[in-house]
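Survey of secondary and tertiary structure
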Amino acid sequence: MKKLLYFAAAAVAVIFMTSACHEKDEVQHRIVGEWKYQDEESGNDIDIRVAFYVDYTFDLYQKVGEGAHRYYKGTYTVDKTIVSGVYSDGTPWASDYNVTFVNGNMIMTSTSSEGYSVTYIKERIPDEVKNHFVDMTKSEDEDSVPFL
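Attention here is on the structure that accompanies the text.

Each value, and the rule that gives it
Residues numbered from 1 in each chain as written. Predicted model: local features only at pLDDT ≥ 70, side-chain atom pairs only at ≥ 80, totals over all residues. Heavy atoms only, no water. Salt bridge = Lys/Arg side-chain N within 4 Å of Asp/Glu carboxyl O. Helix = DSSP H or I, 4+ residues; strand = E, 2+ residues; numbered from the N terminus. Buried < 20%, exposed > 50% of the residue type's maximum accessible area, 1.4 Å probe, protein only. Pairing = 2+ DSSP bridges.

**A word on the pattern of salt bridges**
Per the counting criterion, the structure on display carries 4 salt bridges. Between E34 and K130 there is a salt bridge; the shortest N-O distance is 2.9 Å. Residue E34 is found in strand 1 (residues 33–38), and its partner K130 is found in helix 2 (residues 127–131); the two are separated by 96 residues along the sequence. You can call K130 partly exposed: its relative accessible area is 27%. One continuous salt-bridge network, built from bridges that share partners, spans D47, R49 and E123.

**Brief notes about the pairing of strand 5 (residues 82–87)**
Two elements, strand 4 (residues 69–79) and strand 5, share 6 bridges in a ladder whose sense is antiparallel. The residue bridging T77 from the neighbouring strand is S84, located in strand 5. Taking the residues between adjacent antiparallel strands as the criterion, strand 4 and strand 5 are bridged by 2 residues, where K80 takes a positive phi near 60°. In this structure, strand 5 lies alongside strand 6 (residues 97–102), joined through 2 bridges in antiparallel fashion. Bridge pairing in strand 6 places I82 opposite N98.

Pasting the structure below:
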């Protein structure tokens, strides 16, 4: 009877670990790609593009109002459905995000600001954005705050 209980407990542990790993792998697999921030409500002139790579790095291009996109880069981690990141200068993202996918869109919901959620649609980052930006990894401009 003890052996049966031991094997049952081991099986439950394996199933739990497998499902947790599968959840992380699913988010990691689906997050990789190029995304565009979908802002339909604010009426602001915002263009935010982010690319997540399989090696756990990211590139962020953001433009608020006039001018060129601001470029940031860094690394990210995935823990089940929670995605966290750090910019190349060591500054962490403003929040960690619970990531879900709905109809091919990526929904990032802040774990620190209740009710704050943003939607990204999968869309290639235009070459014009990738080739014409202000590199914030080398800038001292403290007025620009990264979006994530």
